[in-house]
Amino acid sequence: MKFSFFAALLLLSVQPLFALDPAPAPAFEVTDAWLANIANRAPENPLVAPKQKRTILIFSRMTGFKHWCTPHTANVVKILGEKSGAYRTVISDDLRHFEPENIKQYDVIVLNNTCSIGPGRHLFYDVLGDREQAKALENSLISHIKEGHGLVAIHGAIVAFNNSEQFSEMMGGSFDFHPAQQIVTGKLVDPDHPITSAFDGEPLVHVDEPYLFNKAYLDYNFHPLLRMQLEPDAPKDKRIKNLATEKDSVERYISWIKPYGKGRVFYSSPSHNAQSFEQPELLQFLLNGIQYAAGDLECDDTPLKQMSKK
Ligand SMILES: [Zn+2]
């Protein structure tokens with residue numbers, strides 16, 4: 001017994017520093033133990049004190065692809081607010097929250113893996129079956145953000161209204177496609193940016209779907225936070241096919257912020273897998289991004305297209 005213990009120790013010591021298994025992370029249920037683990041790793045305090053009491057809606061309805069990590073992600077956002085005191089949360093999948101009279105009460109709307117059905121790809125239409133009503137609710141959401149509130153979209157949430165140019169413009173892009181899950185490295189565009197300071201200068205390394213974007217994304221009308229890097233020796237099916245012609249050299253960002261009217265948007269492609277949230281740095285990053293969306297964390301959100309003109 002004693003020998004095998006030391007043998008195991010020895011084995012551990014010769015493992016490379018980062019021995020992530022690039023295979024898709026296995027699904028698991030939300031358990032009390034997992035929630036306690038996340039609560040333990042979540043930041044004690046927010047990066048900045050909230051300017052006022054903040055209320056956040058966590059909306060996780062999906063009609064398209066069902067992400068197994070959806071309940072985990074909702075709990076992560078809830079725990080981040082509860083533990084740090086940065087905000088209180090309302091968790092509901094009721095579409096009535098998006099009606100103009102009701103949405104007013106929320107400082108931030110968090111869309112959590114709210115995937116819609118292809119090829120129409122309009123979440124509200126999928127649920128309501130009425131184009132006019134669906135568009136009115138989408139407009140209500142867009143107006144609410146434009147008037148000075150926050151939108152946070154996590155991973156598949158960007159697909160919610162994937163064919164809507166208006167939503168794409170607000171979001172900073174639309175979902176295009178993703179190669180198979182693999183080790184994805186999110187390099188920090190600016191390690192000193194308040195939101196990415198969560199990572200202490202180190203990249204985010206985890207197993208994820210490498211998301212790629214189109215539509216408004218190609219306008220670079222957002223302030224990038226994480227730039228995607230894939231393993232150079234990834235098998236062919238995991239490599240990224242080229243985007244069309246002149247867009248070929250496009251940078252692959254997987255997280256960004258952007259002002260929208262008087263409001264703010266934070267998109268985080270991480271993560272397809274709940275295991276990613278076990279990294280305290282990613283938890284801090286998400287909390288920082290939510291605080292930006294709430295209007296509490298003031299930081300540089302100059303769109304990339306304006307940055308390059310400077
Ligand atoms: Zn996914």
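Just above, that's the structure.
Rules of the game
Residues numbered from 1 in each chain as written. Predicted model: local features only at pLDDT ≥ 70, side-chain atom pairs only at ≥ 80, totals over all residues. Helix = DSSP H or I, 4+ residues; strand = E, 2+ residues; numbered from the N terminus. Contact = placed C-beta atoms within 7 Å. Pairing = 2+ DSSP bridges. Axes fitted to C-alpha atoms, helices over the stretch in contact; angles between N-to-C directions. Parallel < 35°, antiparallel > 145°, perpendicular 65-115°, else oblique. Left-handed = near helix turned anticlockwise from the far one by under 90°. Core = buried A, V, L, I, M, F, W, Y, C linked by C-beta atoms within 7 Å. Buried ≥ 20, exposed ≤ 12 C-beta atoms within 10 Å, placed from the backbone.

Undergrad: Sorry, what's going on with the overall build of the protein here?
TA: Along the protein, the regular secondary structure elements total nine helices and 11 strands. If you take every contact in the protein between residues at least 6 apart in sequence, the share linking residues at least 24 apart comes to 83%.

Undergrad: I'm lost on the sheet that holds strand S1 (residues 55-59) in this one. Help?
TA: Hydrogen bonds along the backbone pair up the strands of a sheet, which may run parallel or antiparallel. Spatial strand order, S2-S1-S3-S4-S11-S10-S9-S6-S7: nine strands in an open sheet with mixed pairing. Looking at which strands have only one partner, the edges of the open sheet turn out to be strand S2 (88-91) and strand S7 (204-208). Shown here is a sheet whose adjacent strand axes are inclined to one another by a mean of 20 degrees, direction ignored. Strands strand S3 (108-112), strand S4 (150-154), strand S10 (253-260) and strand S11 (263-268) of the sheet are contacted by helix H6 (residues 131-146), whose axis makes an angle of about 110 degrees with S11. Against the sheet, helix H8 (residues 280-294) touches S3, S4, S7, S10 and S11, its axis set at about 160 degrees to S11.

Undergrad: How do you make sense of unusual backbone geometry when you look at a structure like this?
TA: For residues that are not glycine, phi is negative in most cases, and the peptide bond is trans in most cases. Each neighbour pair has its own omega, and for Gly-118 with Pro-119 the value is -5 degrees, a cis peptide bond. Positive phi values are uncommon outside glycine, yet Lys-215 reaches one of about 50 degrees. In this fold, Lys-215 is placed in the loop between strand S8 (212-214) and strand S9 (223-230). Its identity is not glycine, yet Tyr-220 carries a phi of approximately 50 degrees, on the positive side. Position of Tyr-220 relative to the elements: it lies in the loop between S8 and S9.

Undergrad: In this structure, what is going on with the packing of helix H2 (residues 32-41) against helix H3 (residues 70-84)? I would like to understand it.
TA: Two measures define how a pair of helices packs: the angle their axes make with one another and the distance between the axes. Packing of H2 against H3 leaves a shortest axis separation of 10 Å and a crossing angle of 45 degrees. Taken as axis vectors, H2 and H3 run oblique relative to one another. As for how H2 packs across H3, the hand of that crossing is right-handed. Each of Leu-35, Ile-38 and Ala-39 in H2 lies in contact with H3, whose residues at this interface are Asn-75, Val-76, Ile-79 and Lys-83.

Undergrad: Which parts of the structure should I look at to understand the nonpolar core?
TA: One broad trend across soluble globular proteins is that nonpolar side chains are buried collectively. Counting 80 residues, the largest nonpolar core has Val-110 and Val-265 as the members making the most contacts within it. The element best represented in this core is H8, accounting for nine residues. Residues contacting Val-265, with those up to four places away along its chain left out, are Ile-145, Leu-151, Met-170, Met-171, Gly-172, Ile-257, Lys-258, Tyr-260 and Ala-293.

Undergrad: Is there a simple way to think about the environment of Gly-120 in this case?
TA: Within the secondary structure, Gly-120 is located in the loop between S3 and helix H5 (123-128). Classification of Gly-120 as partly exposed rests on a count of 16 C-beta atoms within 10 Å. Sequence separation between Gly-120 and Asn-163 is 43 residues; the distance between their C-alpha atoms is 7.1 Å. Dropping the residues within four chain positions of it, Gly-120 is found in contact with Tyr-125 and Asn-163.

Undergrad: Honestly, the environment of His-149 in this entry has me stumped. Any pointers?
TA: Assignment of secondary structure puts His-149 in the loop between H6 and S4. Sequence-wise, His-149 and Val-108 are 41 residues apart; in three dimensions their C-alpha atoms are separated by 6.0 Å. Residues within four places of His-149 in sequence aside, it is in contact with Tyr-106, Asp-107, Val-108, His-144 and Gly-263.

Read these as geometric descriptors, not functional statements.
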